[in-house]
Amino acid sequence: QQLQRSRHAMGDLGHALKTPLAVLKNRCNPDLRLNDPDLHQLMHDQVSQMEGQVRRALSRARVAAGATAANRFSPEEDLPLVIMTLERAHGRQLAFEIRGLNGATLPFEREDMLELFGNLLDNAFKWADSRIAVRFELDEVMCVAVVEDDGPGIPPARRDTVLQRGERLDERQQGYGLGLAIAHDLAVAYQGTLALQDSDPGGLAVKVCLPLPR
């Protein structure tokens, strides 16, 4: 499993860099010559994010399901930061909500979860009409998270296909179809599952089930 993950590392790395690179590209236009007091901070933040993605991609083989998390994942604090980055990258704002945690943190490595949910939210941003929601359900043995949007969804016959690397439903949409595949790989690495379903608003719902470490 580690060998297979290592073989995919470079493809994952390129995809992980896509969002911050898009932000930089969008800002590096003729207006760059104007005096923008916020530009330096923006560039610094995004480059720092890319460096972090490089470190995570190159160390992905170390992920072991059930390992004690050095930095616990706090969705109510961490995911809004992901949303802010995606708003800049995609140039749009959507309604966003997180439900079911009431301040709880999760015993999973924070960087791995940022990559997993970052890819799911990036996909949702591309297709949602106006809103995205993340719902959590916890019990003594399992964490269940559902990321849903109100976009066009994915036909049931195509859902297995889009979880394969390199597959895309719409060649006009930017990206290489790695996002859902990377999220699926990370869920499996934690001995969990990822499934595509219909959302209540009529779009796509991605259900992630991760067993809690004992």
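Everything below is about the structure shown above.
Here is a short report on the structure shown in this document. (Residues numbered from 1 in each chain as written. Predicted model: local features only at pLDDT ≥ 70, side-chain atom pairs only at ≥ 80, totals over all residues. Heavy atoms only, no water.)

1. Considerations on the nonpolar core
Formed by 40 residues in total, the largest nonpolar core has its most connected members in Leu116, Phe117, Leu120, Leu121, Leu194 and Leu196. Of all elements in the fold, only helix 5 (75-90), strand 3 (106-109), helix 6 (110-127), strand 4 (131-138), strand 5 (142-149), helix 8 (178-189), strand 6 (193-198) and strand 7 (204-211) reach the threshold of two or more residues within this core. Per-element accounting of this core gives the leading share, eight residues, to helix 6. Apart from residues no more than four positions distant in its own chain, phenylalanine 117 is found in contact with Phe73, Leu79, Val134, Phe136, Ala145 and Val147. (Core = buried A, V, L, I, M, F, W, Y, C linked by side-chain atoms within 4.5 Å. Buried < 20%, exposed > 50% of the residue type's maximum accessible area, 1.4 Å probe, protein only. Helix = DSSP H or I, 4+ residues; strand = E, 2+ residues; numbered from the N terminus. Contact = heavy atoms within 4.5 Å.)

2. Side note on the pattern of salt bridges
Overall, the coordinates contain eight salt bridges when judged by the stated rule. Residues arginine 110 and aspartate 78 are paired through a salt bridge, measuring 3.1 Å at the closest nitrogen-oxygen approach. Placement of the pair is arginine 110 in helix 6 and aspartate 78 in helix 5, with a sequence separation of 32 residues. Exposure remark for aspartate 78: the relative accessible area of 7% places this residue in the buried category. Through salt bridges with shared partners, a single network forms among Glu97, Arg99, Arg131, Arg135 and Glu148. (Salt bridge = Lys/Arg side-chain N within 4 Å of Asp/Glu carboxyl O.)

3. Concerning the packing of aromatic side chains
Enumeration according to the criterion identifies three aromatic pairs in this entry. With 5.6 Å between their ring centres and 20° between their planes, phenylalanine 73 and phenylalanine 117 make a pair best called stacked. Here phenylalanine 73, found in strand 1 (residues 72-73), pairs with phenylalanine 117, found in helix 6; they are 44 residues apart in sequence, far enough to count as distant. Neither phenylalanine 73 nor phenylalanine 117 differs from the other in exposure class; each is buried. With centroids separated by 5.9 Å and ring planes inclined at 85°, the aromatic side chains of phenylalanine 108 and tyrosine 190 adopt a geometry described as edge-to-face. Residue phenylalanine 108 is found in strand 3, and its partner tyrosine 190 is found in the loop between helix 8 and strand 6; the two are separated by 82 residues along the sequence. Relative accessible area serves as the criterion here: at 8%, tyrosine 190 is assigned to the buried category. An aromatic cluster is built from Phe73, Phe117 and Phe136, whose rings are joined through pairwise contacts. (Phe/Tyr/Trp six-rings, centres within 6.5 Å; stacked < 30°, edge-to-face > 60°.)

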